[in-house]
Amino acid sequence: AGYWTYDPGFMVTAPVESKITFIDGGKGELLYRGYPIDQLANNAEYLEVAYALVHGELPNAEQKKAFYAKIHSHTAVHDQLRKFFEGFRRDAHPMAIMVGVVGALSAFYHEGFDVNDERHREITAIRLIAKMPTLAAMSYKYSQGEPFMYPRNDFNYAENFVYMMFATPADVNFKVNPIIADALDKIFTLHADHEQNASTSTVRLAGSTGANPYACIAAGIAALWGPSHGGANEAVLEMLDEIGTVENVPAFMEKVKSREVKLMGFGHRVYKNFDPRAQVLKKTCDEVLTALGINDPKLELAMALEKIALEDPFFIERNLYPNVDFYSGIILKAIGIPTSMFTVIFSLARTSGWISHWLEMHSEPFKIGRPRQLYTGETQRDFVKIEDRK
Ligand code: CMC
């Protein structure tokens, strides 16, 4: 024993077989269940994409209707869950709240839950996909000191999220801006899955112990929060704040090159040519900014940064291109979503992917995930009494 393959960062290790998502990082190719990401983002609604991730095929008209009806019947959360929100400080980060409340769902759906029962597993996927927008909007409303809005099932998935985020009970004539809802729907699709990324691997590892799936998804949310992963979209806006104005860009680039800071929203572990999600979103980004007539200096700064980085040899040599979160951060900012909600939106979108991986794992025999290590600590030595210790 002890002859383990040493692979920090899992650079060359594939611990699973999966039929869900295919990535060719060299070619910049991303397929969900075989369908190219740009075709899905430009033609399908997020819920159809979620169905495809869960079931393996895009739904036909009948399947779509039945799936949407199931989702709609599970959008509400138990009123008791409200108390969890109220237990947080009002300035708590919404991601901290999400880790807590999604984890708390495991207390609501634990008794009688059987991971070996396919119907139980399927209803879990429905519940999670249906409830995430509700929980995400509640985490925002709580931070604003505004009342929670109940989900409206006459809206589609993205519209309902916009409504729960931005309407108030006084707004009886609240209208969802279709530009905003469509952009969000695309962002949801583009973030829905990405094979064995850090958060999905976390969900699988937690799930491999047979743990409650809501707790597994909460673990995924925790992993997603970090700035190297889902927290990058928020970090992009923080970076823009730090840079301030276009004149400060060259000095900032010097700091990037001397490795003092990273250019957030650039680079990817797998995509070393371009990120196909970023290509779709760059176009959406241009469209949204034009349609909303936005003239925000921070967005101009982002565009200046993008231009310089794409032309600078430092970035070209290292194959560093804007990733999906560079543009999603800019779009979310433009449509009025506060920075602290960016990663929450990513977690909402990724839930369909996470639960598809969890379902895939449970649909066939699997082993508990249990990596080994190369031990580099002390060799055996004798116990020393406290009075004799140095
Ligand atoms: N800014 C400046 N230099 C960078 C950056 C960056 N964003 N990313 C990589 N590099 C440099 C890095 O310093 C290294 O240079 P050298 O070889 O001279 O030391 C070279 O590029 C290779 O980088 P790496 O760290 O080996 O790449 P990795 O595959 O381990 O890291 C990454 C990938 C995404 C963690 C990293 O590019 C990064 O931290 N990017 C910024 C954060 C970000 O935007 N993350 C979101 C990823 S997309 C959404 C998601 O999937 O969660």
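No experiment lies behind these values; they were computed from the predicted model shown.

Tallying secondary structure elements over the chain gives 17 helices and 3 strands in all. Taking 2.2 N^0.38 as the reference for a compact globule, 390 residues should give roughly 21 Å; the C-alpha atoms of the chain span a radius of gyration of 22 Å, in line with that estimate. If one aligns the C-alpha atoms of the chain with their principal axes, the spans along those axes are about 75 × 60 × 50 Å. Within the span of the chain, comprising 390 residues, buried residues form 42% of the whole. Counting only contacts in the chain whose residues sit at least 6 apart along the sequence, the fraction spanning at least 24 positions is 77%.

A separate point is the environment of Ala235. Within the element layout of this structure, Ala235 appears in helix α11 (residues 232-243). It is 7.9 Å that separates the C-alpha atoms of Ala235 and Gly265, two residues lying 30 residues apart in sequence. When residues no more than four places from it in sequence are discounted, the contact partners of Ala235 are Pro227 and Met264.

Our next topic: the domain arrangement of the chain. Looking at the chain, the domain boundaries give domain 1 (10-224 + 343-362) and domain 2 (232-334). Placing a centre on the C-alpha atoms of domain 1 and another on those of domain 2 gives a separation of 26 Å. Each partner contributes to the interface: domain 1 provides 18 residues, whereas domain 2 provides 20 residues. Here the residues of the side of domain 1 that touches domain 2 are counted per class, giving 10 nonpolar, 5 polar and 3 charged.

What you see with strand β2 (residues 29-32) is a clean split: Leu30 and Tyr32 sit on the buried side and Glu29 and Leu31 on the side with no burial. Bridge analysis of strand β1 (residues 21-24) against β2 gives 4 bridges, and the strand direction is antiparallel. In the strand pairing of β2, Phe22 is matched with Leu31. In textbook terms, the turn of a hairpin is the stretch between consecutive antiparallel strands, and for β1 and β2 this stretch comprises 4 residues, one of which, Gly28, has a positive phi near 70°. As defined by bridge partners, β2 adjoins strand β3 (residues 35-36) across 2 bridges and the pair is classed as antiparallel. Opposite Leu31, over in β3, you have Pro36 as the bridge partner.

With that out of the way, let us pick up the nonpolar core. Counting 108 residues, the largest nonpolar core has Met98, Val102, Ile217, Ile331 and Ile345 as the members making the most contacts within it. A per-element tally of this core places helix α6 (residues 118-144) first, with 11 residues. Those residues in contact with Met98 that sit more than four places away from it in its chain are Leu135, Ala136, Ser139, Ile221, Val344 and Ser347.

As recorded in UniProt, the feature "active site" (unreviewed entry) lies at His268 and Asp325. What stands out for the annotated residues spanning 58 residues is how close their C-alpha atoms remain, the widest pair being 10.5 Å apart. You can see His268 is positioned in the loop between α12 (249-257) and α13 (276-291). Beyond its immediate sequence surroundings of up to four residues, His268 is in contact with Asp275 and Asn323. Summarising the element assignment, Asp325 is placed in helix α16 (residues 324-334).

Helix α17 (residues 342-362) packs onto helix α10 (residues 213-224) with a crossing angle of 135° between their chain directions and a minimal axis gap of 10 Å. Taken together, the axes of α10 and α17 lie oblique to each other. In the packing of α10 onto α17, the handedness of the crossing is right-handed. Together, Pro213, Cys216, Ile217, Gly220, Ile221 and Leu224 of α10 and Thr343, Phe346, Ser347, Arg350, Thr351, Trp354, Ile355 and Trp358 of α17 make up the contact between the two elements. The residue inventory of the contact of α10 with α17, partitioned by class, reads 9 nonpolar, 4 polar and 1 charged.

With that out of the way, let us pick up the sheet that holds β3. The 3 strands are arranged β1-β2-β3 in an open sheet whose pairing can be described as antiparallel. In the strand order of this sheet, the two ends are held by β1 and β3, each with one partner.

A few words on the environment of Pro276. In this structure, Pro276 sits in helix α13. Distance in space between the C-alpha atoms of Pro276 and Gly25 is 9.4 Å, their sequence separation being 251 residues. Ignoring sequence-local partners within four residues, the contact set of Pro276 consists of Gly28, Glu29, Leu30, Ile37 and Asp38.

Here is what the cut-offs are and how they apply
Residues numbered from 1 in each chain as written. Predicted model: local features only at pLDDT ≥ 70, side-chain atom pairs only at ≥ 80, totals over all residues. Helix = DSSP H or I, 4+ residues; strand = E, 2+ residues; numbered from the N terminus. Rg over C-alpha atoms; globule rule 2.2 N^0.38 Å. Buried ≥ 20, exposed ≤ 12 C-beta atoms within 10 Å, placed from the backbone. Contact = placed C-beta atoms within 7 Å. Domains from an automatic or database assignment. Nonpolar A, V, L, I, M, F, W, Y, C, P; charged D, E, K, R; others polar. Pairing = 2+ DSSP bridges. Core = buried A, V, L, I, M, F, W, Y, C linked by C-beta atoms within 7 Å. UniProt positions renumbered as here; feature names shortened; annotations may be inferred. Axes fitted to C-alpha atoms, helices over the stretch in contact; angles between N-to-C directions. Parallel < 35°, antiparallel > 145°, perpendicular 65-115°, else oblique. Left-handed = near helix turned anticlockwise from the far one by under 90°.

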